[in-house]
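# Coordinate inspection notes
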Amino acid sequence: MAAPTWVAVPDDSLFGVHNLPYGVFTTGDRPGERRIGVAIGDHVLDAGAVAAGQAGDDMAALLAAPSLNALLAAGRPAWTAVRALLTAWLTDPAHRPAVEPHLLPRPEVTLHLPFEVADYVDFYASEHHATNVGRIFRPDGAALPPNWKHLPIGYHGRSGTVVVSGTPVVRPSGQRRAPGEAVPDFGPTRRLDVEAEIGFVVGGPTAQGSPVPLADAEEHVFGVCLVNDWSARDIQAWEYVPLGPFLGKSFATSVSPWVVPLDALDVARVAPPVRDAALLPYLDDQDGSAPPRGLDIALEVRLRGEVVSRPPFATMYWTYAQMLAHMTVNGASLRAGDLFASGTVSGPERAQRGALIELSWNGEEPLVLADGTRRSFLEDGDEVVITATAPGPDGTRIGFGEVTGRVAAAPTSR
Ligand code: MN
């Protein structure tokens with residue numbers, strides 16, 4: 001394990017020296033200057049400022065940048081070297097005089113979208129979520145479509161509307177068809193929902209025509225963030241046949257400001273669930289040749305301040321390596337800053353469902369909060385906060401920060 005840090009980190013901090021997540025921040029005195037920061041305890045290290053004096057030119061160029069994209073593009077060897085350097089700065093007392101002046105109290109910084117999102121893909125990798133949604137929408141048919149256990153189902157989302165945690169989410173308007181009606185009307189969604197997901201941040205670009213095999217996943221997955229895939233269920237239900245989600249999803253997708261390096265999650269690796277359908281060779285990960293790619297990440301979803309769900313990511317059927325192998329198997333290239341999300345994380349228990357449509361069973365069983373508030377879907381002013389932790393070395397916990405959003409009224413109804 002790494003040596004202890006000389007930074008005063010609270011014992012129960014989720015941002016210990018084993019985590020070192022990356023973000024992008026500004027300060028009040030330099031509001032136009034975005035800088036790469038690394039969270040440590042209650043502080044943010046201005047990584048670019050330290051690198052300017054303590055690292056070689058190549059490394060300094062990756063860290064003295066307004067986003068993580070140059071670092072993402074540099075690939076796995078650079079990621080490993082930068083993490084080793086950060087760890088040395090924060091653990092070796094010899095570096096303390098040069099590093100300590102660049103530690104800023106976290107409450108004093110403003111966090112921004114940590115990378116320019118290139119392409120955005122969202123999957124549907126939870127068997128429990130897919131089964132619940134199938135039962136709700138197709139009560140007379142099979143819960144899972146026939147392809148579900150043969151490939152990780154996904155769709156291409158809208159990268160330009162990925163926003164950082166804290167950005168208000170304006171209730172979208174669109175075509176909605178009310179139950180029993182033959183034709184749609186237009187107006188603000190009546191069924192605004194959340195999807196608690198894990199996102200994977202991609203670097204190490206590939207050329208078109210070069211699929212990424214399972215064995216190479218770690219060369220291209222830089223890190224992990226939290227995602228809230230806001231969803232307008234009435235718009236989605238009317239538009240999605242036959243080409244999948246479109247305007248019911250593309251109005252906003254929120255991500256956490258911190259990207260936890262994949263390297264920080266070694267202790268969190270667990271075997272994925274047993275697969276009960278034979279997989280084609282490009283998706284078959286059961287020969288034991290690689291580290292397990294399941295991740296024991298425990299999510300929490302809070303609505304109006306109250307925990308309403310604790311989705312367990314370890315129950316996900318498809319791994320990040322399988323998602324990446326599938327999305328490139330046709331030769332589609334990867335770009336630095338690509339983001340792919342897991343799809344809603346839902347476990348087998350009711351209190352582990354990561355979307356309101358499942359928690360309220362499509363409105364048939366509204367949630368009742370401690371103050372008596374009833375919710376099937378989100379009302380204007382509601383705030384949703386998603387957090388997560390994972391096991392780290394020596395009994396520590398790795399935190400992911402949070403992804404937060406508050407619902408703002410649709411412009412037409414203001
Ligand atoms: Mn989703």
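Below is a summary of the structure that appears in this document. Keep in mind it's a predicted model, so treat the numbers as computed, not measured.

Looking only at helices and strands, the protein chain features nine helices and 26 strands. In terms of C-alpha radius of gyration, the protein chain reaches 21 Å, essentially the compact-globule figure of 22 Å for 414 residues. Here the C-alpha coordinates of the protein chain stretch approximately 70 × 50 × 40 Å along the principal axes. Relative to its full complement of 414 residues, the protein chain shows a buried share of 55%. Summarising the internal contacts of the protein chain: among those between residues at least 6 apart in sequence, 74% fall at separations of at least 24. Accessible surface, the protein chain as shown: approximately 17,000 Å² in total, 54% of it carbon and sulfur.

Attention shifts here to the sheet that holds strand β26 (residues 397-408). With respect to topology, five strands assemble into an open sheet ordered β9-β26-β25-β20-β21, the strand pairing being mixed. The two strands at the open ends of the sheet, each matched to only one other strand, are β9 (169-170) and β21 (306-309). Pairing of strand β20 (residues 298-303) with strand β25 (residues 383-391), which is carried by six bridges, proceeds in the antiparallel orientation. Along β25, the bridge assignment pairs Glu300 with Thr387.

Let's shift gears to the coordination of the manganese ion. Around the manganese ion, the donor atoms from the protein are Asp122 (OD), Glu195 (OE), Glu197 (OE) and Asp229 (OD), and they sit 2.1 Å away. Classification of Glu195 by relative accessible area gives buried; the value is 5%.

All right, on to the pairing of β20 then. In terms of strand pairing, β20 meets β21 through three bridges, oriented antiparallel. Paired with Arg302 across the bridge in β21 is Val307. Turn length for the β20-β21 hairpin, with the two strands adjacent in sequence and antiparallel, is two residues, and the turn residue Arg304 shows positive phi of about 50°.

Across residues other than glycine, the phi torsion is negative in most instances, and most of the peptide bonds are trans. Omega for the bond connecting Val241 with Pro242 falls within 30 degrees of zero, at 0°, which places this linkage in the cis form. Inspection of the secondary structure assignment puts Pro242 in the loop between α7 (233-239) and β16 (253-255). Backbone geometry places Arg304, a non-glycine residue, at a positive phi of 50°. If you trace the backbone, Arg304 turns up in the loop between β20 and β21. Despite not being glycine, Asn362 has its phi angle at roughly 60°, a positive value. In this structure, Asn362 sits in the loop between α9 (356-359) and β23 (367-368). Classification of Asn362 as partly exposed rests on a relative accessible area of 23%.

Cut-offs and rules
- Residues numbered from 1 in each chain as written.
- Predicted model: local features only at pLDDT ≥ 70, side-chain atom pairs only at ≥ 80, totals over all residues.
- Heavy atoms only, no water.
- Helix = DSSP H or I, 4+ residues; strand = E, 2+ residues; numbered from the N terminus.
- Rg over C-alpha atoms; globule rule 2.2 N^0.38 Å.
- Buried < 20%, exposed > 50% of the residue type's maximum accessible area, 1.4 Å probe, protein only.
- Contact = heavy atoms within 4.5 Å.
- Areas by Shrake-Rupley, 256 points an atom, 1.4 Å probe, with all protein chains shown as cover.
- Pairing = 2+ DSSP bridges.
- Donors = N, O, S within 2.8 Å, 3.2 Å for Na, K, Ca; no water.

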